[in-house]
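# Examining the three-dimensional arrangement
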Amino acid sequence: METATHRVDNGVNVAALLGARDALTAAPEAARFQWRATCQWIRGTYSRSAVESFFGLGEEQKHRSTFTFEADHPEVFASEDHGATPVEIVLAGLASCLTAGVASVAQMRDIQLRSVKATVEGAMDIRGILGADADVRNGFDGIKVVYEIDADATPEQIRAIVAQSQKRSAVYDIITNPTNVRVEVK
Amino acid sequence: MSRCLAERSIDHVVLERGEVANSWKTERWDSLRLLTPNWQSRLPGFTYQGNDPDGFRNMAETVAFIKQYARAISAPVQTRTAVTSVKQVDSGYEITTDQRTWYAPTVVLASGACNVPVVPAVSKLVPPGIAMLTAMQYRNPHQLADGGVMVVGASATGTQIAEEIQRSGRPVTLSVGEHVRVPRVYRGRDIAWWMDACGVFDERYEEVDNLDRVRNLPSFQLAGSDDRRTVDLNSLTEIGVKLVGRLAGVSEGKAQFSGSLANLCALADLKMIRLLDRIDAWVSERGMDDVGAPPHRFEPTHVDASPPLVFDLARGRIRTIVWATGFCPDYSWLHVPVLDRKGRIRHDGGVSAAPGLYLLGLPFLRRRKSSLIDGAGDDARDLSAHLAAYLASGAAHSRAASLAHS
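Just so you know, these numbers come straight off a predicted model, no measurement behind them. (Residues numbered from 1 in each chain as written. Chains lettered and ligands numbered in written order. Predicted model: local features only at pLDDT ≥ 70, side-chain atom pairs only at ≥ 80, totals over all residues.)

## Side note on the overall build of chain B
Helix and strand counts for chain B stand at nine helices and 25 strands. Here the C-alpha radius of gyration of chain B, 23 Å, is about what a compact globule of 406 residues would show, namely 22 Å. When the backbone C-alpha atoms are referred to their principal axes, chain B occupies close to 70 × 60 × 40 Å. Every one of the 406 residues in chain B was classed for burial, and the buried ones make up 37%. Long-range contacts, defined as pairs at least 24 residues apart, comprise 68% of the intrachain contacts of chain B with a sequence gap of at least 6. (Helix = DSSP H or I, 4+ residues; strand = E, 2+ residues; numbered from the N terminus. Rg over C-alpha atoms; globule rule 2.2 N^0.38 Å. Buried ≥ 20, exposed ≤ 12 C-beta atoms within 10 Å, placed from the backbone. Contact = placed C-beta atoms within 7 Å.)

Now the structure itself:
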C-alpha cells in the first residue's frame, strides 16, 4: 500500500512482465523456451552442473556468466559431502521459484515486502532409492513449505500472495504434476 | 433479444434446433435446479409471478417459464430448425438450416456456451471396463453401475452430481481442480441476493483487469434446494466423498492426481473471504449492520495431510467416471472468419469482429451476470441498440433491410 512519500518497490519490473505477457499472447512461438544444464561427473557421487545458455524469444540466449552447482551425497551415505544432494537442490529450486513469485505478486498488488523467508522440508523414506522396498517411492512422501513474511499487508493479503505464487510457479507445477522425462544414450 | 428487437420493430426470426428451451429439456440431469432463486430470473417485461420467489426452479419449471415468455412476447420462433451454416454474403449473412435458407443483414448467436462437453485427452487412456459419461449424458445415479464412481471436476456440476451419487450409495472420489467457493446463505440472505445487491453481478466487462481470466472462471459451487444447503467440498467430505487433486494424467492404467489440492482449496477459500469482506463493507456503508447475523466466516476447506496421488483404475474400485470438466460452444457451422486461434469468437462485449454479427449468453459477455437468465435482458437491450444503429447506418446492405428467403 503506497504512502504519499514511498512507492512500493520489491525490485520486480511488473510493467515489463505485463508487456511480455501481452506480446507473447500475440506471438506464442516466441514464448517457447528451452532451459538447459550440463553435468560432469567428478568422482563417486560428486558432480558439477553448469548452466550457461538457454533458448527463448526465438533465439539462443546466454546468462551473464556460467552458474555452477556442485552436488554430492553426505557422509551418512558413505560419501564425501562436497555439495548439497540433488534432492536438496530441488527443494531450493522450489523455494526460489515460490519466493520469486511472492515478490512478483506483491509488486503487482502494490504491497511492500520487508523480508521473506521460506523453510522447506521434504520427507523421504530412503528404502525407495536403496531398492529395499518396491512399495516405497524414490521421491518425497510430501513437501512442506513454511513462509515467514514481513510486509505492509494484512495476514490475509499475505496468504493470498503466497497462494497466487503457487498458482503461477513453474517448479511447483513440475513437482505436483507429471512431466515426461526421456533419457537417451548417444 | 427477440423482445428487444420487437420493441424496435426490427423484423426477425428465432431459429431453434429443437423445441423452445431445448437445452433445459434435453441436456440436463433429472434433479437439476437453477442455482439462482426464482425472483432472479428477470426477463424484459416478464418477472416471476409465482408464490415461491426464494425457491429454485427445477427443469420442468424452467422450461415452462421460458415457454411462457416466448408466448407472452409472441416470439417468432421456428422450432426444429437446425442451423447448419452461417456465412457472409453481399447482403450480410446466409443462414442455411435443415429447413430452408435465410438471408439477413444481422445475426445474433444465442446458442450458448455449453453445446459440447469438454473431456480431457487423458480420458482416452482410461482402461477398458470403466464406464464413462459426461455431465451432458448424466441423468441420475441409477444409470450407473453399483460401486465406486470418480467425478472429475468440482464446480457447480461436479459438486451437485458428486453429492447425488454419494447419497445413492456409490462411493464417490472427487477430483478437484480450480473452483469457486461460496456459501448459499450469508447473514440470513441468499448469496445471489447479496451479489445482486452489492453490484457483483452487474460488474461490467470494461472494468475488469483480466477479462480472459474472468470469462474462463469455473462456475460457483452452488446448488438450488429447498433447504438452502451449501454444497461445497466440506459438505461433500462430511457425507463421505473423498477428495483428490486435479486429474493430471493416466499412465499404465493409473490415474495421477496433482499434488496441488491444498493450494487450490486455499485459493478458493481466500476468494470466498474477499467476497464476504465486500458484502460486509457494503452492509456497513449503508448502516445496515443490525440486519441479519453479524459478519462471520466459514470453516476453511478441510484437505487431508496427504491426499492420494495415484489410483489404480484397473483394480475395480472405480466402476464409472463422470466427466464434469466443463463445456464449450459449438461453432462448427460458423463459416465467418471471426474465430481466434483458440476457436473463440473475437468480440467486444458481444459485438463480434464481423459487422452485423452479435453474441449473447456467454460468460461475462458484457457483465458478470451475462450467462445467467437474469443477465440476458440488459445485454439484449445494449446489443439490440447497437444492432438497430448498425441497420440504420446503411452499413448493412440497403436491399437487405427486410428478411428474404430462398
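## Overview of the nonpolar core
With 74 residues, the main nonpolar core has Ile161 of chain A together with Val151, Ile161, Ala162, Leu174 and Val322 of chain B as its most contacted residues. No other element matches the ten residues that helix H8 (residues 261-285) of chain B contributes to this core. With residues near it in sequence (within four places) discarded, Val322 of chain B still touches Leu133, Ala135, Tyr138, Val149, Val151 and Ile161 of chain B. (Core = buried A, V, L, I, M, F, W, Y, C linked by C-beta atoms within 7 Å.)

## What about the interface of chain B and chain A?
Contacts between the two partners involve 13 residues from chain B and, on the opposite side, eleven residues from chain A. Counting residues per element, the side of chain B that touches chain A draws most heavily on H8 of chain B, which supplies five residues.

## Concerning the domain arrangement of chain A
All names here are of chain A. Along its sequence, chain A is organised into domain 1 (1-30 + 85-178) and domain 2 (32-84). Computed from C-alpha coordinates alone, the two centres of domain 1 and domain 2 are separated by 21 Å. Facing six residues of domain 1, the contacting portion of domain 2 comprises eight residues. In terms of residue class, the side of domain 1 that touches domain 2 is made up of three nonpolar, one polar and two charged. (Domains from an automatic or database assignment. Nonpolar A, V, L, I, M, F, W, Y, C, P; charged D, E, K, R; others polar.)

## Thoughts on unusual backbone geometry
One non-glycine residue, Asp81 of chain A, lies in the positive phi region at around 60°. On the secondary structure map, Asp81 of chain A appears in the loop between strand S3 (59-71) and helix H2 (86-108). Accessibility expressed as a C-beta count within 10 Å gives 14 for Asp81 of chain A, which makes it partly exposed. Even without glycine at this site, Arg80 of chain B takes up a positive phi of about 50°. Here Arg80 of chain B lies in the loop between strand S2 (77-78) and strand S3 (83-89). Here Arg80 of chain B falls in the partly exposed class, since 13 other C-beta atoms lie within 10 Å of it.

## Things to note about the environment of Leu360 of chain B
Residues and elements named next belong to chain B. In this structure, Leu360 sits in the loop between strand S24 (357-359) and helix H9 (373-392). Since 21 C-beta atoms lie within 10 Å of it, Leu360 is described here as buried. Taking the C-alpha atoms as reference points, Leu360 and Ser370, ten residues apart in sequence, are found 7.8 Å from one another. If sequence neighbours within four positions are ignored, Leu360 has contacts with Met1, Val108, Leu109, Ala110, Gly350, Leu365, Ala376, Asp379, Ala380 and Leu383.

## What to know about the sheet that holds strand S2 (residues 46-56) of chain A
Residue and element names in this part refer to chain A. Pairing is antiparallel across the open sheet formed by three strands, whose spatial order is S1-S2-S3. Bordering the open sheet on either side are strand S1 (38-43) and S3, each of which pairs with just one other strand. Looking at each pair of strands side by side, their axes are set apart by 10° on average, direction ignored. In the sheet, S1 pairs with S2 via five bridges, with the strands oriented antiparallel. Note that in S2 the partner of Cys39 across the bridge is Ser49. (Pairing = 2+ DSSP bridges. Axes fitted to C-alpha atoms, helices over the stretch in contact; angles between N-to-C directions.)

## A look at helix H4 (residues 156-167) of chain B
Residues and elements named next belong to chain B. Over its twelve residues, H4 extends 17 Å from the first C-alpha to the last, a length consistent with the 16 Å expected when each residue adds 1.5 Å. Extensive coverage of H4 is indicated by the burial of eleven of its twelve residues. Two residues or fewer past H4, Gly169 is found with a positive phi of approximately 95°. (Expected span 1.5 Å × (residues − 1).)

## Observations regarding the sheet that holds strand S8 (residues 131-134) of chain B
Residue and element names in this part refer to chain B. Read across the open sheet, the five strands follow the order S8-S19-S9-S10-S15; overall the sheet is parallel. A strand with exactly one partner marks an edge of an open sheet, and here the two such strands are S8 and strand S15 (242-245). The sheet shows a mean angle of 20° between the axes of neighbouring strands, direction not considered. Two strands pair when backbone bridges link them, and strand S10 (residues 172-176) and S15 are joined in this way by four bridges, in the parallel orientation.

## Remarks on the confidence of the model for chain B
On average, chain B scores 94 in pLDDT, and the residues at 70 or more come to 97%. Prediction confidence for the complex, expressed as pTM and ipTM, is 0.91 and 0.84 respectively. (pLDDT = per-residue confidence, 0-100.)

## What to know about the packing of H2 of chain A against helix H3 (residues 155-167) of chain A
All names here are of chain A. The contact between H2 and H3 brings their axes to 8 Å, and the two run at 120°. By the angle between their axes, H2 is oblique relative to H3. For H2 against H3, the interelement crossing comes out right-handed. Residues Leu98, Gly101, Val102, Val105 and Ala106 of H2 pack against Ile161, Val162, Gln164, Ser165 and Gln166 of H3. Residues belonging to the contact of H2 with H3 are distributed by class as follows: six nonpolar, four polar and no charged. (Parallel < 35°, antiparallel > 145°, perpendicular 65-115°, else oblique. Left-handed = near helix turned anticlockwise from the far one by under 90°.)

## Notes on the confidence of the model for chain A
The share of residues in chain A with pLDDT of 70 or more is 97%, and the mean pLDDT across the chain is 95. A low-confidence stretch, residues 1-5 of chain A (pLDDT under 50), is modelled with six contacts involving residues beyond four sequence positions or located in other chains.

## Brief notes about the domain arrangement of chain B
All names here are of chain B. By the assigned domains, chain B splits into domain 1 (2-115 + 329-405) and domain 2 (118-323). Computed from C-alpha coordinates alone, the two centres of domain 1 and domain 2 are separated by 29 Å. If you look at the interface, domain 1 gives 19 residues, while domain 2 gives 23 residues. By residue class, the composition of the side of domain 1 that touches domain 2 is seven nonpolar, four polar and eight charged.

## Re the packing of H3 of chain A against H8 of chain B
Two elements in contact, H3 of chain A and H8 of chain B, have axes whose closest approach is 10 Å; the angle formed by their N-to-C orientations is 140°. Of the possible angle classes, the one that applies to H3 of chain A and H8 of chain B is oblique. Our pair here, H3 of chain A against H8 of chain B, has a crossing hand that is left-handed. Contacts between H3 of chain A and H8 of chain B involve Glu156, Arg159, Ala160, Ala163, Gln166 and Lys167 of chain A from the first element and Asn263, Ala266, Leu267, Leu270 and Ile273 of chain B from the second. Class assignment for the residues of the contact of H3 of chain A with H8 of chain B results in six nonpolar, two polar and three charged.

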